[in-house]
Each structure stands twice: as structure tokens, then as C-alpha cells.
Amino acid sequence: MNEQTKTKFNEIRKVIDEHLDKYTQVKYPENIYKAIRYSLLAGGKRLRPVMAVEAALLFGAKQEEIIPAACAIEMLHCQSLIHDDLPCMDNDDFRRGKPSNHKVFGEATATLAGDALLSFAPKIIIEKTPKSISSDIIILLLNEFFTAAGTEGIVSGQIVDIESEKKKISKETLEFLYEYKTAKLFKLALRTGAITAGVNSDLLQNLTLFAQYYGYAFQIYDDILDVTADIDIIGKTPGKDAKNEKSTYVSMYGIEAAKKQTLFLCNKAYDILKQEHINSEILEGIVSDIIAGICKC
Ligand code: GRG
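Residues numbered from 1 in each chain as written. Predicted model: local features only at pLDDT ≥ 70, side-chain atom pairs only at ≥ 80, totals over all residues. Heavy atoms only, no water.

Asks: Which residues make up the packing of aromatic side chains, and what are the values?
Replies: For the structure on display, the rule yields 8 aromatic pairs. Judged by centre distance (5.5 Å) and plane angle (70°), the ring pair of Tyr 38 and Phe 105 falls under edge-to-face. Here Phe 105 lies in helix H5 (residues 101–105) and Tyr 38 lies in helix H2 (residues 30–40), a separation of 67 residues in the sequence. Accessibility classification places Tyr 38 together with Phe 105 in one group, the buried group. With 6.2 Å between their ring centres and 0° between their planes, Phe 210 and Tyr 214 make a pair best called stacked. With Phe 210 and Tyr 214 both in helix H10 (residues 201–228), this residue pair falls 4 residues apart, about one helical turn. (Phe/Tyr/Trp six-rings, centres within 6.5 Å; stacked < 30°, edge-to-face > 60°. Helix = DSSP H or I, 4+ residues; strand = E, 2+ residues; numbered from the N terminus. Buried < 20%, exposed > 50% of the residue type's maximum accessible area, 1.4 Å probe, protein only.)

Take a look at the structure:
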């Protein structure tokens, strides 16, 4: 992403961070708010909320109309990271460059912090979205949110991920895993922005396809980094996939094929933008960041 796009991205990210802070002010019982804030304000890249804001702005909504839903998506993402790190799931001691939530607050509080974020998020959409967005749209946004959070989304991605450990899996299972574990939240982000702006169903379909290609590319790149990068870059323990005997594109087809596939998927994502005449520095920029990362590996 060039410097101008990075500045634009960071401006949106700052507004997201300010709202996440505002929405989660500490009150009694303090420890649950502290645990939530520890992970939520730990400096993630904020890709998903920025994508939601960008989609909303591209198609004519105002920034203040999308901020609550964008923050809700980051809360859902953060919940999934806290729970993913638990010993009963991926069991990682580090996240976003810091000790995982359960390492600091204990497993019970970390589990509750995730649960709290999951119920906090839709409440934010309902209570904080401005009245200029109709109740009909709010219901559509909630439907998108719950779809992505449940068995039609990341829960199914996570269970197939867990069940695939120490096993040979098919290409179709791997694709299911990537779609449900990762691409679903990128789809949620773009769809939430677009629905807030009232876009038509054809365009919504193509944005969903962009997020599908981007999500696959993002996850394969994440798997590549697990093998090639160190903790300073990825903020979590490297080499975890091999240690947990995970099936990934890298373990199944090797690094070179994984890089090639990532670049192929990035180009497919670009094609959607071109085909739909979507002129978005930010969407182009996040794809170009993956390409630049792959070229450095
Ligand atoms: C919703 C009830 C419920 C459960 C969630 C635990 C779980 C089920 C899902 C975990 C899914 C998961 C951890 C997918 C990995 C996706 C991924 C590559 C995350 C990293 O995203 P980045 O790099 O992270 O955007 P930052 O920290 O920058 O936000």
C-alpha cells in the first residue's frame, strides 16, 4: 500500500480505535472490562473494520453510519482470537505481540471476555447506529453478523480446523476451512459496509467474491508466515501449524505452490475490482500488501 493509502487507512483506523475505547470503558466488575480491553485495544491491524468503512463510503453511506457496525466486526474478530488462543483450541501463549488473554487473566476470564465481546457487538449495532439507518437495514446487518459468527461462519471453520489436525484432508475440506475460518469475516466486513449504503444484490455478490479471494489469499499468506516469519512480525508463536500438525496449503502443497496460489488469488481479487469499476485505494492496497509480503518471503 503506498503512503497516501496508508495515511487514509490509518485515519479510519484511528476513528475505529477511539470508538472501541469509548464503547468499552471500565466499570464494575472491572476485571472483565480490563480483559476485554487488553485484547481489543492491543493494536491489531483493523483490516475488517476499515474494509467495512471503506465499502460504506464507496457506495454513499456516511462514516458515522458505519462506525458502530465496523467496531462490532472487530469485536467479533477479537473474540475469535481470544478463544482461538485458549488451551482447548489452538493453545497459543502470544497474540498481537503480547501474552494471550488467558495467560494474563486466566482461562475462565478469557472465555468470559470472548463471550462478552460476542454479545457486546450486536448490541453496539442496535444501540449506536444512527437513526438515519433504517430498522430494516439494522436487521439485515444483524443477520449478516450472526451468520458469520455461528455455524454458517467461523464456528464451523474452527471445528473443521480442529478436526483436521493430525489428518490428511481433501482440497475441498481445506477450502471449506479457509472460507469459513477466515474469508467469512472479510465477507461480513464488505457486506456490512455495502448493505449500510444500500447497494444492489449483484454488486453485493461481487464484493462477496472479492472477499472470498482476498480471504483465501490472506489465510495462505498467514500459513506461509507461520513457517517463514518470526514472532516480531506475526505477533504469535511461529511454527504452531507444524507443531499442532495442522493441514494448511503450505503443509499440503509446499511453500512455492502456496506463494503461487496466493498471487493467483490476489489477481482474481483485483479482477473483481476492475470488472465492477470499484475504484478503491484501500481495497487495492490491502491486496498489494499481500503481494508485497509474498515477494519478500
Ligand atoms: C464466534 C462463538 C464463536 C467462536 C469463534 C475460535 C473461533 C470460533 C474461530 C477462530 C477463527 C480464527 C482464529 C481464524 C484465524 C483468522 C486469522 C488469520 C486471524 C488473524 O487476523 P489478522 O492478521 O489479526 O487480521 P490482527 O491481530 O491484525 O487483527
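From this point, the narrative continues.
Asks: Give me the site of the ligand: which residues, what numbers.
Replies: The environment of the ligand is made up of 19 residues, and the closest members are Lys 45, Arg 48, His 77, Gln 79 and Arg 96. Between the ligand and Lys 45 there is a distance of 2.6 Å, counted from an oxygen atom to a side-chain nitrogen or oxygen. Residue His 77 places a side-chain N or O atom 2.7 Å away from an oxygen atom belonging to the ligand. Surface burial for the ligand is 89%, taken as the share of its 750 Å² of free accessible area covered by protein chains. Elements that contribute at least two residues to the shell around the ligand include exactly helix H4 (63–85), helix H8 (154–163), helix H9 (171–196) and H10. Top contributing element to the shell around the ligand by residue count: H4, with 5 residues. Looking at the shell around the ligand residue by residue, the classes come out as 6 nonpolar, 7 polar and 6 charged. (Near = heavy atom within 4 Å. Polar contact = N/O pair within 3.5 Å; in protein donor to acceptor, adjacent residues only side chain to side chain. Areas by Shrake-Rupley, 256 points an atom, 1.4 Å probe, with all protein chains shown as cover. Nonpolar A, V, L, I, M, F, W, Y, C, P; charged D, E, K, R; others polar.)

Asks: Break down the packing of H4 against helix H6 (residues 107–128) for me, with residues and values.
Replies: Where H4 contacts H6, the two axes come as close as 8 Å, and the packing angle between them is 170°. By the angle between their axes, H4 is roughly antiparallel relative to H6. On H6, the residues touching Pro 68, Ala 69, Ala 72, Met 75, Leu 76, Cys 78, Gln 79, Ile 82 and His 83 of H4 are Ala 110, Thr 111, Ala 113, Gly 114, Asp 115, Leu 117, Leu 118, Phe 120, Ala 121, Ile 124, Ile 125 and Lys 128. (Axes fitted to C-alpha atoms, helices over the stretch in contact; angles between N-to-C directions. Parallel < 35°, antiparallel > 145°, perpendicular 65-115°, else oblique. Contact = heavy atoms within 4.5 Å.)

Asks: Can you tell me about the side chain of Thr 192, naming the residues and giving the values?
Replies: With respect to the helices and strands, Thr 192 occurs in helix H9. Residue Thr 192 is classed as buried on the basis of its relative accessible area of 3%. Setting aside chain neighbours within four positions, we find Thr 192 in contact with Ile 66, Ala 69, Ile 73 and Leu 141.

Asks: Pulling in residues and values, what's your account of the pattern of salt bridges?
Replies: In total, this model carries 18 salt bridges according to the counting rule given. Here Lys 123 ties to Glu 127 by a salt bridge, and the two come within 2.8 Å at their closest N and O atoms. With Lys 123 and Glu 127 both in helix H6 and 4 residues apart, the pair spans about one turn of that helix. Accessibility expressed as a relative area gives 49% for Glu 127, which makes it partly exposed. With a shortest N-O distance of 3.0 Å, Lys 246 and Glu 165 are connected by a salt bridge. Highlighted residues: Lys 246 in the loop between helix H12 (240–243) and helix H13 (249–253) and Glu 165 in the loop between H8 and H9, separated in sequence by 81 residues. Given a relative accessible area of 8%, Lys 246 falls into the buried group. Salt bridges linked by common partners bring Asp 90, Asp 161, Glu 165, Lys 181 and Lys 246 together as one network. (Salt bridge = Lys/Arg side-chain N within 4 Å of Asp/Glu carboxyl O.)

Asks: Quick one: what's the story with the nonpolar core, residue by residue and with numbers?
Replies: Counting 95 residues, the largest nonpolar core has Met 51, Met 75, Phe 210 and Tyr 214 as the members making the most contacts within it. For this core, the element with the highest residue contribution is H10, accounting for 14 residues. (Core = buried A, V, L, I, M, F, W, Y, C linked by side-chain atoms within 4.5 Å.)

Asks: So what's going on with the layout of surface pockets? Which residues, and what values?
Replies: The computed volume of the second largest pocket comes to approximately 170 Å³. What lines the second largest pocket is Asn 143, Glu 144, Thr 147, Ala 148, Glu 152, Lys 184, Lys 187, Leu 188, Arg 191 and Thr 208. Put simply, the parts of the chain that give the lining of the second largest pocket at least two residues each are helix H7 (135–149) and H9. Of the residues in the lining of the second largest pocket, the class split is 2 nonpolar, 3 polar and 5 charged. (1 Å grid on protein atoms, 1.4 Å probe; cavity = no way out; pocket = protein on both sides within 12 Å on 5 of 7 lines; lining within 4 Å. Points joined across faces, edges and corners; volume = space filled by probe spheres on them.)

In short, shape yes, function no, at least from these values alone.
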